[in-house]
Every structure is written in C-alpha cells, then in structure tokens.
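# Per-entry structural report
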Amino acid sequence: MKIVFLGPPGAGKGTQAVRVCTHMGVPQISTGVILRRAMQEGTETGAKAKAFVDAGQLVPDELVIAIVAERLQESDCANGCILDGFPRTVAQAEALEKFASLDAVVNIAVADEELVARLSGRRVCPSCGGTYHIALDDTADCKACGTALVQRDDDKPETVLNRLSVYHGQTKPLIDFYGARGLLKTIDGSQTPDACFADIIRALEADG
Ligand code: AMP
C-alpha cells in the first residue's frame, strides 16, 4: 500500500508513521527527515533547503518532488511505503500522481492551540530521531541512545506560528484535493498516541 500522512506540523504524523510502517512492514519516507539529514551532512540539497527549513517555510516544490521521485525507485518501496510530510502543496500532489498511485491518505486533525503547545515543548534526539515532550518526559537525554536532546530550530515559537500559517495556506487545500478522489481518512489526532494508532489501522483495514 502507498499511503500519504497529511496533517499540520505537530499532529503526530511522524510518530504514527513510524508505528504504522512497523505494523505494515513498509518504509517511512519523511521529507522533513531527509532534508534535516541533508542539512546536517552539508550536501547540495541541504544547502538549498536550509534557509527555508529554518524559517518554517516550504522548500521549493521541485526540490522535494525530485527527492521523493528518486526515493520511490528504491527496491524497499516495492511493497508500498508511507509518505510522511509529502505532498504539502497541490503542485506536489499533482506531481506525485504522475509517478505513484496512492491507496489512502490519512489526515491527522488537531486544533491550532494544541499544536502550538505540542511543538514548543517538543525535544528531539539529534542522533536517532526520537521525539519527546517536556510535559510528558522528564529527561534531558534520549532514553533510547543517551544523546542530549535538543529543540529543533523550527520548533521555536516564532517559527511555529509561521509553519502553522504555511500549513493553512498551502497544505490544507490537500484535504479537499484527496477528498475529491475518495482517498481521505480523517483521524482525531487529539487522542492519545495509542488511540490514534488504533483508529488509523481500523481506517486502513476497513479498505480491505
Ligand atoms: P517536518 O519534519 O515534516 O515538519 O518538515 C520540516 C521542514 O522541512 C518543513 O517546515 C519544510 O521547511 C521542509 N519540508 C518537509 N517536507 C516538505 C515538503 N513536502 N515540501 C516543502 N517543504 C518541506
């Protein structure tokens, strides 16, 4: 199955994508993870993306479209994959239709007020990518690998508001785009991660 995970920043797309990938035995393709890795490694793609990512803006469509088109060619995607954070614009969704056919789009919905609190309190492990929240986890180090946790630059308050407005302006129209194609499954992302995961699996398996 090829599935897109859609939703505002902080809705839990990444967390749920990892769980659903493990459950289904398919790879997670996260454009955010790919871009941050490219930035850390100082590649040409990373250099092109950096100013946009740091400002909470979307990187240009052609850059992410090329990344995803190339990644989908790899053999581990033969039985499907989860696209996490792509597409984020109608132009990206239209490009994706030309090189992949989707089975479902999971839309994780969370109210803006809650997203601001979630993103501002988020801490990540720069080594293994683990995600924590200061209100839930009383730890300065990653519980999986011991690395000191950091706040993503784009989780700082001013950038968070930018990312939310980018979501409303450019990504939210995809709800109608995929709704019109009969692919959309909307999940209440304000629930606990376990309840959210159970709803996603139920919605995907209902397709049979
Ligand atoms: P994420 O980890 O998904 O929140 O993505 C972090 C940042 O990477 C975003 O704020 C954008 O700057 C950039 N990014 C990730 N995916 C895309 C995409 N599909 N289109 C444009 N920019 C993206």
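Residues numbered from 1 in each chain as written. Predicted model: local features only at pLDDT ≥ 70, side-chain atom pairs only at ≥ 80, totals over all residues. Heavy atoms only, no water.

### As for the side chain of Arg122
With respect to the element layout, Arg122 can be found in strand β5 (residues 122–124). Among the polar contacts listed, one links the side chain of Arg122 to the side chain of Asp155, at a separation of 2.9 Å. Residues within four places of Arg122 in sequence aside, it is in contact with Thr131, Tyr132, His133, Gln151, Arg152, Asp155 and Arg163. (Helix = DSSP H or I, 4+ residues; strand = E, 2+ residues; numbered from the N terminus. Polar contact = N/O pair within 3.5 Å; in protein donor to acceptor, adjacent residues only side chain to side chain. Contact = heavy atoms within 4.5 Å.)

### Notes on the site of the ligand
Contacts to the ligand come from 16 residues, most closely from Thr31, Arg36, Gln57, Gly85 and Gln92. Here an oxygen atom of the ligand sits 2.9 Å away from a polar atom, N or O, in the side chain of Arg36. Separating a nitrogen atom of the ligand from a side-chain N or O atom of Arg88 is a distance of 3.0 Å. Starting from 480 Å² of accessible surface for the ligand in isolation, the protein chains cover 95%. Ranked by residue count, the leading element in the shell around the ligand is helix α2 (residues 31–41), at four residues. Classifying every residue of the shell around the ligand gives six nonpolar, five polar and five charged. (Near = heavy atom within 4 Å. Areas by Shrake-Rupley, 256 points an atom, 1.4 Å probe, with all protein chains shown as cover. Nonpolar A, V, L, I, M, F, W, Y, C, P; charged D, E, K, R; others polar.)

### Considerations on unusual backbone geometry
Backbone phi values are negative for most residues with the exception of glycine, while trans is the configuration of most peptide bonds. Residue Pro87 is reached from Phe86 by a cis peptide bond, and omega for that bond is 0°. Here Pro87 shows up in the loop between β3 (81–84) and α5 (90–99).

### A few points about the packing of aromatic side chains
Counted by the stated rule, this structure contains one aromatic pair. Relative to Tyr178, the ring of Phe177 has its centre 5.0 Å away and its plane inclined at 85°; by these criteria the two rings are edge-to-face. Judged by its relative accessible area of 10%, Phe177 is buried. Accessibility expressed as a relative area gives 1% for Tyr178, which makes it buried. Across from the ring centre of Phe197, 4.5 Å away, lies the NZ or CZ of Arg19, which sits over that ring. Above the plane of the ring of Phe177 lies Arg181, whose end atom (NZ or CZ) is 3.7 Å from the centre. (Phe/Tyr/Trp six-rings, centres within 6.5 Å; stacked < 30°, edge-to-face > 60°. Buried < 20%, exposed > 50% of the residue type's maximum accessible area, 1.4 Å probe, protein only. Lys NZ or Arg CZ within 6 Å of the ring centre and 35° of its normal.)

### Notes on the pattern of salt bridges
Evaluated as defined, the whole model comprises 14 salt bridges. Here Glu44 makes a salt bridge to Lys48, at a shortest N to O gap of 3.6 Å. One end of the pair is Glu44 and the other is Lys48, both in helix α3 (residues 44–55) and four residues apart, which spans about a single turn. Linking Lys50 and Asp54 is a salt bridge whose minimum nitrogen-to-oxygen distance equals 2.5 Å. In this pair, Lys50 and Asp54 both sit in helix α3, four residues apart, roughly one turn of the helix. The partly exposed category is assigned to Lys50, whose relative accessible area is 41%. One connected set of salt bridges, linked through shared partners, spans Arg122, Arg152, Asp154, Asp155 and Arg163. (Salt bridge = Lys/Arg side-chain N within 4 Å of Asp/Glu carboxyl O.)

### Here we look at the environment of Leu204
Tracing the sequence through the fold places Leu204 in helix α9 (residues 193–205). C-alpha separation for the pair Leu204 and Val106, spaced 98 residues apart in sequence, amounts to 8.5 Å. Ignoring sequence-local partners within four residues, the contact set of Leu204 consists of Met1, Ile3, Val20, Met24, Ala104 and Val106.

### Describing α9
Spacing of three or four residues puts side chains on the same side of an α-helix, whose turn is 3.6 residues. Taking 1.5 Å per residue as the helical rise, α9 with its 13 residues ought to reach 18 Å, and the 18 Å between its terminal C-alpha atoms agrees with that figure. Among all positions in α9, only Cys196, Phe197, Ile200, Ile201, Ala203 and Leu204 are buried. The arc that holds every buried residue of α9, seen down its axis, measures 165°, which confines them to one face. α9 presents Asp194, Arg202 and Glu205 as exposed residues on the side facing more than 90 degrees away from its buried surface. (Expected span 1.5 Å × (residues − 1). Arc of directions from axis to C-beta.)

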